[in-house]
Each structure stands twice: as structure tokens, then as C-alpha cells.
Amino acid sequence: MLKKINIGLIGCGVISDIYLKNCSHFEHLTIIAVADLDRGRAEEKSKEHGIPFVLSVDELINHEDVDIVLNLTPPGGHYALCLQALNAGKHVYVEKPLSISLQEGKELLAAAKKNGLLIGAAPDTFLGAGLQTCRALIENGAIGQPVAATAFMLKSGPEHWHPDPAFFYQVGGGPMYDMGPYYLTAFISLMGSVKRVSASSGFPFLERTIMTGENAGKKIPVQTPTHISGTVEFESGAIGTIITSFDVQATQTPFIEIYGTEGSISVPDPNTFAGPVKLNHRKGTDQWVEQELVSDAVENLRGLGIEDMADAILNRRQHHATGDLAYHVLEIMHGFHESASLGKHYEIQSSYSSPVRVNKVISEGK
């Protein structure tokens, strides 16, 4: 009989739909309960996706049949609910970032270790075909030794599309904490651990105006930097540059590029699972060749990380979207903000050793 891991989902906002849809198809997952501070919203998702139980948050965390708590609340709610779940004996998978505080992130890792539980975090897009193809190219020597990388996330801000975007502009929000995890996770999965960072930051607009939904026209105070330009020094000696912004109206910059001694890779949007992946390894030419992807993980497979965690629990192996990876990303983001505030480099204390490369998509039981 096929073994299943039961999921209890907390937070039935915008992002929950793709998790509810995908987790119903993955081989090892069953979502048995949902919870939200707005019970009506939880009941709506339960009915739409056929989830058996609508519970309070406390009831869900303490439900005897829940194996993994999937925390999809806004960033400010990550720490307390994850800690509560770990102390209740549940494995945890949380939306990015791991937490909004470095100390809180450290406490979550310690609680998981103390209780013999797994903790993991989004993003899991690095498990997709696009970034896995990039990693295979680098491992196979297609560009020689990586020496540098660039990343650009330049947008005009979520108030243009999100119906309730205030949390994006609170402490623990901003473009770095919101979108940085995708780009930094891609950096780490391709280039390895980071040892030192520096940054400059700013916020040219002191308030934002919600442009859609029932709150359209409402003003939002900006409490965190909305433009951050950072420099990353990898343990390998390679140098990375990353810019994240909610202050840019238009751009033609690439998502990510990796530069090696023998060539370059154009990396696809790290907020997706697919390509295209392009390679230029002919010195002195502008010829970029699109590469065949190494797997069929090309759709929007958010939840792949929690499926991988479930498979790891059942087969007693290391999972990929780990708390250690999420904490390393969190410390880098924290380091950028601290460097910008203090005007000096920030030395990264954490590190991350990547598991073996994923050679095929985690199976979907469709």
C-alpha cells in the first residue's frame, strides 16, 4: 500500500491555491486539514479542494493525524507557528523566508534538531528542470570554473496586483525578503555557500498606494528598504552581484547569469521551475545555445519541496529544501540589511552543504 504523509495547512491566502492543487497530485502527500484566522476563508478552500477538516490553528497543530504543518502565513507569523508545531512533534515546511529574524531562525533549527524533526522552507524552484539543468552544466564543466554571477529582480511593487500588500512593506518584507530567497537560493544551489556580503539600500517612496481590490486607494507606510544592491563573496572565491527592487518601472536585465573561465550560462527566472537555459561557451562570440532540460519538472510545481520532504521522511534520507539552506539565505539577507545600515561588510557565520543533484522530478501520482 502506498504510504502517505498527512499535511495540515495554515494560511489560506493567495499562495495557498497552488499548494492545495499540487499537493493533491503528489505521490506521498494528502492535505487533511486547513486553518486560517479567517475561518470563512478556510471553509472556502476546504470546499473548493475537498479538504476533510477545517480547524482552528491550535487544533490543526495538535491534531494527531497531521504529520507536517505547512505554514503559509505572512512572514511575521512564521516563527511562532513553526515553533509551536515543532514543539507539538510535527515536521514543518514554511513559505519563505524561514523567519524575519536571524535569532528566530536559529531557534527554529534548534527546536527541530532537539525534537528529531525535519524543517524545510520555500522556495523549492531550485528543484525544477531549469535550475537543475544549470547545475548539471556547471558540474560537467561547461563553463569551466565559475568566477562571477549577477542577479536582478527589478519590479514596481506588489501594490499593483496584490489585494492586501501591506506586509510587503513592513520589517521582514521588502524586495529582498520577498523575492531575494528565490535568487539567493539559486545562487547557493549553483555556486555554493556564501562567506561575506555587503550592500547599499534605500526607499525613495515613504508610502505606497494599493491599486487593486477592496482596499484600492489606501496608503501603505513603507518601513523597510525597497531597493537593495548587494555584493556576495562565495566560499569558492567567486563574486556575485544582486539587486532587488520595488522601485523600477521597466528593465531589460537578465534574471541571473553565471560567468565561468570557459563560458557563461543564462539562468531562467528562479521564481519558476522551467527554462529556458542558454549556454555560451565559444569564446569571442555572442552565440547562446538553448539547452535541453534534464527533467520534466517544468510546470508550476510549488510544493515539490514538501513532497521531497515527505519522501525523505518515509525513506530516511536527507531532503533538499532544508531549514539549513533557508537559514543560510536568511542570514545573507540579514547581512545585506546590516551592511547597508552600518556601512561595512557582514561576515556570514552559517554555511550550507548541498545534497546530491536531483536527476529527475519527484514523482507525481496523477
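Note that the structure is predicted; figures quoted are calculated from it, not measured. (Residues numbered from 1 in each chain as written. Predicted model: local features only at pLDDT ≥ 70, side-chain atom pairs only at ≥ 80, totals over all residues. Heavy atoms only, no water.)

**What about unusual backbone geometry?**
Here is step 1: With an omega of -10 degrees, the peptide bond running from Lys 96 to Pro 97 counts as cis.
Here is step 2: Turning to its location among the elements, Pro 97 is positioned in the loop between strand 5 (91-94) and helix 5 (102-114).
Here is step 3: Ala 122 connects to Pro 123 through a cis peptide bond whose omega is 5 degrees.
Here is step 4: Topologically, Pro 123 is positioned in the loop between strand 6 (119-121) and helix 6 (129-139). (Helix = DSSP H or I, 4+ residues; strand = E, 2+ residues; numbered from the N terminus.)

**Section: the sheet that holds strand 5**
Here is step 1: Taken in spatial order, the 6 strands line up as 3-2-1-4-5-6 in an open sheet, and their pairing is parallel. In this open sheet, the two edge strands, each paired with only one partner strand, are strand 3 (53-54) and strand 6.
Here is step 2: Where strand 5 and strand 6 come together, 3 bridges link them in parallel fashion. Note on strand 6: the bridge partner recorded for Val 94 is Ala 121. (Pairing = 2+ DSSP bridges.)

**Considering the sheet that holds strand 7 (residues 146-154)**
Either a parallel or an antiparallel arrangement is found when strands of a sheet pair, and the pairing is made through backbone hydrogen bonds.
Here is step 1: With respect to topology, 9 strands assemble into an open sheet ordered 16-15-14-13-7-12-11-8-17, the strand pairing being mixed. For this open sheet the edge positions go to strand 16 (289-290) and strand 17 (346-347), each flanked by a neighbour on one side alone.
Here is step 2: Pairing analysis gives 5 bridges linking strand 7 to strand 13 (residues 256-260), with the strands arranged antiparallel. In the sheet register, Ala 149 faces strand 13, and the bridge partner there is Ile 258.
Here is step 3: Helix-sheet contacts for helix 7 (residues 174-191) involve strand 7, strand 11 (227-234), strand 12 (239-245), strand 13 and strand 14 (264-267), and the interaxial angle to strand 7 is about 160 degrees. (Contact = heavy atoms within 4.5 Å. Axes fitted to C-alpha atoms, helices over the stretch in contact; angles between N-to-C directions.)

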